Amino acid sequence: MAISKSIQQHLIQLRTTIQEHNYYYYVLDNPQLPDSEYDRLLRELQNLEAQYPELITPDSPTQRVGAPPSSAFSEVIHSLPMLSLNNAFDDNEVYEFDQRLRDRLAVNTIEYVAEPKLDGLAVSLRYEQGILVKAATRGDGARGEEVTPNVKTIKTIPLKLRQLEDNSFPLVLEVRGEVFMPKASFEQLNQQHLANGEKTLANPRNAAAGGLRQLDARNTAKRKLTFVSYGVGLIEGGELPKQYSELLYQLQQWGLPISVYLQIVQGAAGCLTYYQNLLAHREALPFEIDGVVYKVNDLAAQHTLGFISRAPRWALAHKFPAQEALTQVLGIEVQVGRTGALTPVARLSPVSVGGVTVTNATLHNQDEITRKDIRVGDTVVVCRAGDVIPEVKRVVLAQRPPDTTAFQLPTHCPICGAEVTRAQDEAIARCTGGLICSAQRKQAIQHFASRRAMNLDGFGEKLIEQVVDNGLVKNVADLYQLTREQWASLEHKGEKSAAKLMQALAKSKTTTLANFLYALGIREVGETTARLLAQQVGSLERLAQTNEEQLQQIPGIGPVVAHHLVNFFQQPENLAIIQQLQQHGVHWADNSSAPPLSTQPLAGKTLVLTGTLSSMTRDEAKTRLQALGAKVSGSVSSKTNYVVAGVEAGSKLDKALKLGIQVVDETTLIEWLA
Ligand code: IVH
């Protein structure tokens, strides 16, 4: 049966529209359509293609994961070699680079484009008549591996270039750029690996490289990789602009993502300002970078400068200080936390990592030490990435001194001597001393005094250690019992500081239910959970009488938290301490508008749905939520009670987080609807 022209045309139109919206969404980061409308278009296309499979084209937006798994990667010979970059490690080398270039070009000053040096892997994308036909890794620069099906799963890479009215693309265009994994995707991936008992990946670069080399492209799709263009290879049948910056803008027009952080700068001084600026923002960037790259902006000048061995003369990678360093383990200490958890900590010979001096690193737990076989005396690689605390990555076994012994956590608490136990399915060993253990007591009091809990100004670690060690304070309520004279008699304290401490104590007596709950240090009850409980349960008395089942009705409270809460309020000592605190005048306002606990959790609640749900459409979710008495709204405001976030939730999720609105995932949604 002949397929009517109008269906063919409609398909083309749908694809073009979707492609255009992909461009706004992924390249310009400026969505022009509500997600629901976009989903509707995509579904319409999917349905039509299912009906007319003979009309599916390889560049259709539905064809991102289509190819069957392959058994190997074939070799690609790059039509133009993929080069590497020369490195600079300090300012001087940047000045020398600029001087060299000015001499060669016989000019006074040079304009550069500065951009982040992304920590991923280089790929080359070949577009023929605007269609992505081949993608290859860099390999050794001359030959790489073909990874087309995998690359097609990366949503920021257009399968088809945008057709511009006045400026069409070349017949053959090879785009070069970096495939990498954003930090958030990397963390998510490692969480999944941990949950599945798999080995975690060392860094986003390895995760990206591994992701691209999946034989089954469906696995690549799961890794949430992204792409930024930074150059071109072969071009046939078309002209390009005269400047590198214009070339990038041209690529962007064709639908290819470019770095939003790129900047045109003047001379070495401009390069160095850019470097400092990006270095200062390194941790806040959503992806990892290991430096910045400077490139001569004038393409004719680039041509004049040419290459030397495998790197262009016209570009320079200015590296950031390494986030890894070698040092020695001087000792392994065992710390006892607020809940009795024993944490082994490596004392290290001081070393600078990424510009910060590191003297100790957490070793997490016994399993971690056993797995890495870390011993006192070992030379180890320490790393610091993002705002993560320093970590020992691995041991340099070749440098292990003779006579070392494997480390074992003690069987008894190093502070109080009580027995150490470890639950069968837990990685953490704990001291069983409870509040008899002075380490646990100190930590509990420190937590109580901390800024986000009771905000006791001036109650630092040293002070608390002193009052616990000399027996003046056994629990948090005792803090309010000490007289001004007693505070003044402490080491390094006088009348003046005693007055200040008394003042801080007095001030802390007016608090909020959420802060007080958090201050109690109940296991698994962090700030967010405390706030949620205050909001949903309303008063401490009610909370103390609520059972595990009722608690679990509150979205966001799972069985573990519920168990710890009930357990806490079952201990007479805990109730006595709360009573004493109240007798000392600690008070807060209850939340009288908290819903009754036994009713439907969603009645009268306003919800917003965002992102893509995998088990149902958003319309379906909406109808079912409404049937439970919820109001489903299209935009997030302070009146929103919950935001349900699916995959790739965007600005609504950001807004919810900004407004402190509770965000739940699809699993919670399904529980609600069950
Ligand atoms: S340009 C002819 N620009 O760094 C120049 N490379 O050390 C070729 N890289 O293989 C590369 N960010 O994987 C360029 N903004 C950037 C880059 C970048 C990261 C990587 C790329 C390259 C390696 C060279």
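These remarks concern the structure in this document. (Residues numbered from 1 in each chain as written. Predicted model: local features only at pLDDT ≥ 70, side-chain atom pairs only at ≥ 80, totals over all residues. Heavy atoms only, no water.)

Further remarks concern the overall build of the chain. Summing up its helical and strand segments, the chain has 24 helices and 24 strands in all. Along the first, second and third principal axes, the C-alpha atoms of the chain reach 85 × 65 × 45 Å. Across the chain, every contact between residues at least 6 apart in sequence was considered, and the portion connecting residues at least 24 apart equals 67%. On the chain, roughly 34,000 Å² of surface is accessible, and the fraction owed to carbon and sulfur atoms is 50%. (Helix = DSSP H or I, 4+ residues; strand = E, 2+ residues; numbered from the N terminus. Contact = heavy atoms within 4.5 Å. Areas by Shrake-Rupley, 256 points an atom, 1.4 Å probe, with all protein chains shown as cover.)

Time to look at the environment of Asn 297. Summarising the element assignment, Asn 297 is placed in the loop between strand 10 (289-296) and helix 10 (299-305). Between the C-alpha atom of Asn 297 and that of Ala 114, which follows or precedes it by 183 residues, the distance is 9.3 Å. If we skip the residues at most four places from it in the chain, Asn 297 touches Glu 111, Tyr 112, Val 113, Lys 242, Gln 243, Tyr 244, Ser 245 and Ile 264. A polar contact is formed between the side chain of Asn 297 and the backbone nitrogen of Ser 245, at a distance of 2.8 Å. (Polar contact = N/O pair within 3.5 Å; in protein donor to acceptor, adjacent residues only side chain to side chain.)

With that settled, consider the packing of aromatic side chains. This structure, assessed with the given rule, holds eleven aromatic pairs. With 5.4 Å between their ring centres and 85° between their planes, Phe 459 and Trp 487 make a pair best called edge-to-face. One end of the pair, Phe 459, is in the loop between helix 12 (438-449) and helix 13 (461-469); the other, Trp 487, is in helix 14 (residues 484-488), and 28 residues separate them in sequence. Residue classification places Trp 487 among the buried positions, given a relative accessible area of 0%. Plain terms: the ring middles of Phe 516 and Trp 588 are 4.4 Å apart, the flat faces sit at 20° to each other, and that makes the pair stacked. Highlighted residues: Phe 516 in helix 16 (residues 513-519) and Trp 588 in the loop between helix 21 (572-583) and strand 21 (606-610), separated in sequence by 72 residues. Neither residue differs from the other here; Phe 516 and Trp 588 are each classed as buried. Every member of this aromatic cluster is reached through a ring pair, and the members are Phe 180, Tyr 261 and Phe 287. The ring of Tyr 23 carries Arg 162 above its face, with NZ or CZ at 3.7 Å from the centroid. (Phe/Tyr/Trp six-rings, centres within 6.5 Å; stacked < 30°, edge-to-face > 60°. Buried < 20%, exposed > 50% of the residue type's maximum accessible area, 1.4 Å probe, protein only. Lys NZ or Arg CZ within 6 Å of the ring centre and 35° of its normal.)

Around the ligand, the surrounding shell holds 15 residues, and the nearest of these are Glu 115, Leu 118, Glu 178, Tyr 230 and Lys 295. Within the side chain of Tyr 230, an N or O atom sits 3.3 Å from an oxygen atom of the ligand. Within the side chain of Lys 295, a nitrogen or oxygen atom sits 2.9 Å from a nitrogen atom of the ligand. Those elements that place two or more of their residues in the shell around the ligand are strand 3 (111-118) and strand 10. In terms of residue count, the dominant contributor to the shell around the ligand is strand 3 (four residues). Classifying every residue of the shell around the ligand gives nine nonpolar, one polar and five charged. (Near = heavy atom within 4 Å. Nonpolar A, V, L, I, M, F, W, Y, C, P; charged D, E, K, R; others polar.)

Contact geometry of helix 12 with helix 13 gives a least axis separation of 10 Å together with a crossing angle of 135°. One element, helix 12, and the other, helix 13, form an angle in the oblique class. In this structure, the crossing between helix 12 and helix 13 has a hand that is right-handed. Between helix 12 and helix 13, the residues in contact are Ser 438, Arg 441, Lys 442, Ile 445, Gln 446 and Ala 449 and Glu 461, Ile 464, Glu 465, Val 468 and Asp 469, respectively. When grouped by side-chain class, the residues that make up the contact of helix 12 with helix 13 number four nonpolar, two polar and five charged. (Axes fitted to C-alpha atoms, helices over the stretch in contact; angles between N-to-C directions. Parallel < 35°, antiparallel > 145°, perpendicular 65-115°, else oblique. Left-handed = near helix turned anticlockwise from the far one by under 90°.)

Strand order across the open sheet formed by five strands is 2-13-10-3-9, with mixed pairing between neighbours. At either margin of the open sheet sits one strand with a lone partner, and together these are strand 2 (87-88) and strand 9 (263-266). This element, helix 3 (residues 91-105), spans strand 2, strand 3, strand 10 and strand 13 (315-319) of the sheet and lies at about 175° to strand 13. (Pairing = 2+ DSSP bridges.)

What follows concerns the sheet that holds strand 4 (residues 121-128). An order of 5-4-7-8 is seen for the four strands of this open sheet, with the pairing classed as antiparallel. Either end of the sheet is taken by a strand with one partner, and the two such strands are strand 5 (131-137) and strand 8 (226-236). With strand direction ignored, the average angle separating the axes of adjacent strands in the sheet is 25°. Both strand 4 and strand 5 contribute to a ladder of six bridges, which runs antiparallel. Among the inter-strand pairings, Leu 125 is bridged to a residue of strand 5, identified as Ala 135. Docked against the sheet, helix 6 (residues 204-212) engages strand 4, strand 5 and strand 7 (172-180), running at close to 40° with respect to strand 4. Packing against the sheet, helix 8 (residues 244-253) makes contact with strand 7 and strand 8, and its axis sits at approximately 105° to strand 8.

Counting residues in each nonpolar core, the largest one holds 54 residues, and the members touching the most others are Phe 459, Leu 479, Trp 487 and Leu 533. Excluding residues that lie within four positions of it along the chain, Leu 479 makes contacts with Ile 445, Phe 448, Leu 456, Phe 459, Val 473, Trp 487 and Leu 505. By size, the runner-up hydrophobic cluster in this structure holds 35 residues, among which are Val 123, Leu 159, Leu 225 and Tyr 244. (Core = buried A, V, L, I, M, F, W, Y, C linked by side-chain atoms within 4.5 Å.)

By the secondary structure assignment, Asp 478 is in the loop between helix 13 and helix 14. Note: C-alpha distance between Asp 478 and Ile 445 (33 residues apart in sequence) is 10.0 Å. Excluding anything up to four places from it in sequence, Asp 478 contacts Leu 472 and Val 473.

Throughout the structure, instances matching the rule amount to 30 salt bridges. Between Glu 20 and Arg 162 there is a salt bridge, with the nearest N and O atoms lying 2.6 Å from each other. Highlighted residues: Glu 20 in helix 1 (residues 5-27) and Arg 162 in the loop between helix 4 (148-152) and strand 7, separated in sequence by 142 residues. For Glu 20, a relative accessible area of 24% puts it in the partly exposed group. Residue Arg 162 is classed as buried on the basis of its relative accessible area, which comes to 13%. (Salt bridge = Lys/Arg side-chain N within 4 Å of Asp/Glu carboxyl O.)

What follows is about unusual backbone geometry. Phi angles above zero are rare outside glycine, and Ala 106 is one such case at about 55°. Within the fold, Ala 106 resides in the loop between helix 3 and strand 3. If you check the backbone angles, His 364 has positive phi at about 70° while not being a glycine.

A complete count under the given rule lists zero disulfides for this structure. Unpaired in this structure, Cys 413 has its nearest cysteine sulfur neighbour in Cys 431, at a distance of 3.7 Å. (Disulfide = S-S within 2.5 Å.)

All right, on to helix 15 (residues 495-508) then. Given a rise of 1.5 Å per residue, 14 residues ought to cover 20 Å, and the 20 Å separating the end C-alpha atoms of helix 15 matches this to within 8%. Taken together, the buried positions of helix 15 are Ala 498, Leu 501, Ala 504, Leu 505 and Ser 508. Along helix 15, the residues classed as buried sweep out an arc of 120° about the axis, all on the same side. Residues Glu 495, Lys 496, Lys 500, Gln 503 and Lys 507 are exposed on helix 15 and point more than 90 degrees away from its buried face. Elements in contact with the buried residues of helix 15: helix 13 and helix 14. (Expected span 1.5 Å × (residues − 1). Arc of directions from axis to C-beta.)

Function cannot be read off these values alone, since they describe shape.
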